[in-house]
Amino acid sequence: MEPVIQTKDLVFEYVRRDEEGNVESIDTAVDHVDLDVAPGQFISILGHNGSGKSTLAKHINALLIPTGGTVLVNGRDTSKPENELPVREEAGMVFQNPDNQIIASVVEEDVGFGPENIGVPTKEIWARVERALKSVGMWEFRKKSPNRLSGGQKQRVAIAGVMAMEPKCIILDEPTAMLDPDGRREVIETAFELNKKKGVTIILITHYMEEVVNSDHVFVMDHGKVVMQGTPREIFSQVSTLKSYHLTVPQITDLADRLREAGMDIPQGVLTIGELEEALRVSAVSGKNAGVAFEKAISSDKTSVQVAEHEKSGDDFSSELEAAENHDLENSSKNESQVDVFSQDKTLKDAVLILDHVSVVYKDGGTETQALTDVSIQINKGDFIGIIGHTGSGKSTMIQTFNGLIAPTEGHIYFNGKDISDSDFDKKALRTSVGMVFQYPEHQLFETTVLEDVKFGPKNQGLDDKEAGLRAYEALKKVHFPEDSFDASPFELSGGQKRRAAIAGVIAMRPEVIILDEPTAGLDPAGRDEILGLIKEMHDKSGETVILVSHSMEDVAEYVDRTIVIDKGRPVYDGTPREVFSHVKELEAMGLAVPQVTYLLHNLRAAGCPVDDHAVTVEEAEREILKAFS
């Protein structure tokens, strides 16, 4: 069978020139890559930021033309101008941010744009629109404005827009980087359904390792080269090798690897919760490494049936788990209503920010949208808080009220005991005291050098150039930014370095509160750990109040001390990660999830294993399982 995608000795170089057109530097982004993709395959490509995977993807639909070698799409050479349009019809691309692809004001019109642009007759366009929207489960939304859709729904519309052109291959370039857990599940399930039911070849580029476990084949790139390839099991069996390429493995695979290193009889290449449960059951029944309590419980024909959302859809819970959670359900009713501002452990004198019955209503012509409803919370000095919620839950609106970027429609906001809505309150001072690092913070960089960019905030506070320079130097050292790059252009930095520079720009203003809105979106696993570890280190050393908004449940579980869950414009849970993530079913109903290891421990406990199912990190899960098997 002829490959639908084939690259032969592919090379691509980025050439940087000076103002006179002279070559300053040449960077090889793709370095002699050979790739064969058979029709109907589901292929995943992994690699750290800058590894060349997105550059490779852009060659597949002729957005880039090779510097050397060839790319063939269904036998067509992408470098020939006459093949450009046919290639893009055969290989459609879906980008990271669906807002960059959606252009029409009505869903069905947007999906029809591509076929219309390539000259498909009107009657056939509408037939394709119907087929495409039904194939991604969005037909009922055809008359809606894309602006009214969630992130996951927008991404499915973007996929439908590509599907309507009836390509043989769809390239998904980090399509879930900006989505909540429910949105990620929707998009990945849609991709697999198109692959299995429609026979569409899928090429998925992602930084979420758990999204690739059901792929047919995985390619790993590093410095423009393919350095590993094989089935997901073959790839994820090589944990240390992946880590050397700044990647990681699914949380469950990491846990299985740790248990095996601790002496347990666990096979290599465990990919899913179900596989690790089965390995533990076999180990217990055989008597290898099993404690008496667990061996007796696990051998009594009880089987676990709760499966994480990316392994199996639907609510499929055992009666044991239902009974175990009934107590939580009965006692959580007070949490599901408004969280009381005065219910925190600390008193009001510890508060740096208080929201007192705050509501926000957006008005668009005659339409009103309730973004926040009667919110009362207290943020204490020195807190490290994680805020989670599905797309559209109100969390971004809420954090923008903290420094006055959005004014409440009702209620009051207090900063250090003062109402920020008072006429004599200094809003400019507030925005330096409550610093905000937005999603994709590199978009905040604009100066000619890194040092000048970081100096901008302190200068805006009225400091002279010397004092601003000292502040900038201090902040850059604080984020471990390399000193030999202080005078580099911010636009020539790697993704991780840009994030560090942007965070330093906020730190240089010495805020009391630092708010980070998805600061690791789009970063590879090593970059995520680097930035979050840096933030944690700064918090522990300096004691600033840190508020982290994230769609990664694992990151929240790993780093924060307090978690606030926002749903339908109000806080519904507020506690430690262990407390919040104990509400598995309720969080799933809100479009969220819990860490993979928490699902595993819930399952084991339901099957009779004496483990604490409130564990939320790999380290905690490892301790619990080793204790049960001791």
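Residues numbered from 1 in each chain as written. Predicted model: local features only at pLDDT ≥ 70, side-chain atom pairs only at ≥ 80, totals over all residues. Heavy atoms only, no water.

> Mind showing me how you'd approach the packing of aromatic side chains here?
Aromatic ring pairs: the centre-centre distance and the angle between the two ring planes describe each pair. All chains considered together, the criterion is met by 5 aromatic pairs. When the ring of Phe-42 is compared with that of Phe-192, the centres are 4.0 Å apart and the planes differ by 5°; the resulting orientation is stacked. Linking Phe-42 in strand S3 (residues 42-47) with Phe-192 in helix H6 (residues 181-198), this pair joins segments that are 150 residues apart in sequence. As far as the burial class goes, Phe-42 and Phe-192 line up, both buried. Between Phe-481 and Phe-486, the ring centres sit 6.2 Å apart and the planes meet at 35°, which makes this aromatic pair tilted. You can call Phe-486 buried: its relative accessible area is 6%. Each member of the aromatic cluster is reached from another via a ring pair, and the members are Tyr-473, Phe-481 and Phe-486. (Phe/Tyr/Trp six-rings, centres within 6.5 Å; stacked < 30°, edge-to-face > 60°. Helix = DSSP H or I, 4+ residues; strand = E, 2+ residues; numbered from the N terminus. Buried < 20%, exposed > 50% of the residue type's maximum accessible area, 1.4 Å probe, protein only.)

> I tried to follow helix H16 (residues 450-460) on my own but got confused; where do I start?
Since one α-helical turn is 3.6 residues long, residues separated by three or four positions face the same way. For H16, the full list of buried residues reads Val-450, Asp-453, Val-454, Lys-455, Gly-457 and Pro-458. Note on H16: the residue one or two positions beyond its end, Gly-462, has a positive phi of about 100°.

> Sorry, what's going on with the environment of Ala-526 here?
Here Ala-526 lies in helix H19 (residues 525-542). Taking the relative accessible area as the measure of exposure, Ala-526 reaches 28% and is therefore partly exposed. Between the C-alpha atoms of Ala-526 and Gln-439, which are 87 residues apart in sequence, the distance is 18 Å.

> How do you make sense of the side chain of Lys-455 when you look at a structure like this?
Here Lys-455 lies in helix H16. If we ignore the near neighbours within four places in the chain, the residues touching Lys-455 are Asp-465, Ala-468, Gly-469 and Ala-472. (Contact = heavy atoms within 4.5 Å.)

> Please explain the sheet that holds strand S9 (residues 217-222) as it appears in this structure.
Within a sheet, adjacent strands bond to each other through the backbone by hydrogen bonds, running parallel or antiparallel. Across the sheet, 6 strands lie side by side as S6-S7-S8-S3-S9-S10; this open sheet has mixed pairing. Either end of the sheet is taken by a strand with one partner, and the two such strands are strand S6 (91-94) and strand S10 (225-230). The average undirected angle you get between the axes of adjacent strands in this sheet is 20°. Bridging between S3 and strand S8 (residues 201-205) involves 4 bridges; their strand directions are parallel. In the strand pairing of S8, Ile-43 is matched with Ile-203. Helix H5 (residues 151-163) rests against S6 and strand S7 (169-173) of the sheet, and its axis sits at about 165° to S6. (Pairing = 2+ DSSP bridges. Axes fitted to C-alpha atoms, helices over the stretch in contact; angles between N-to-C directions.)

Read these as spatial facts, not as claims about activity.
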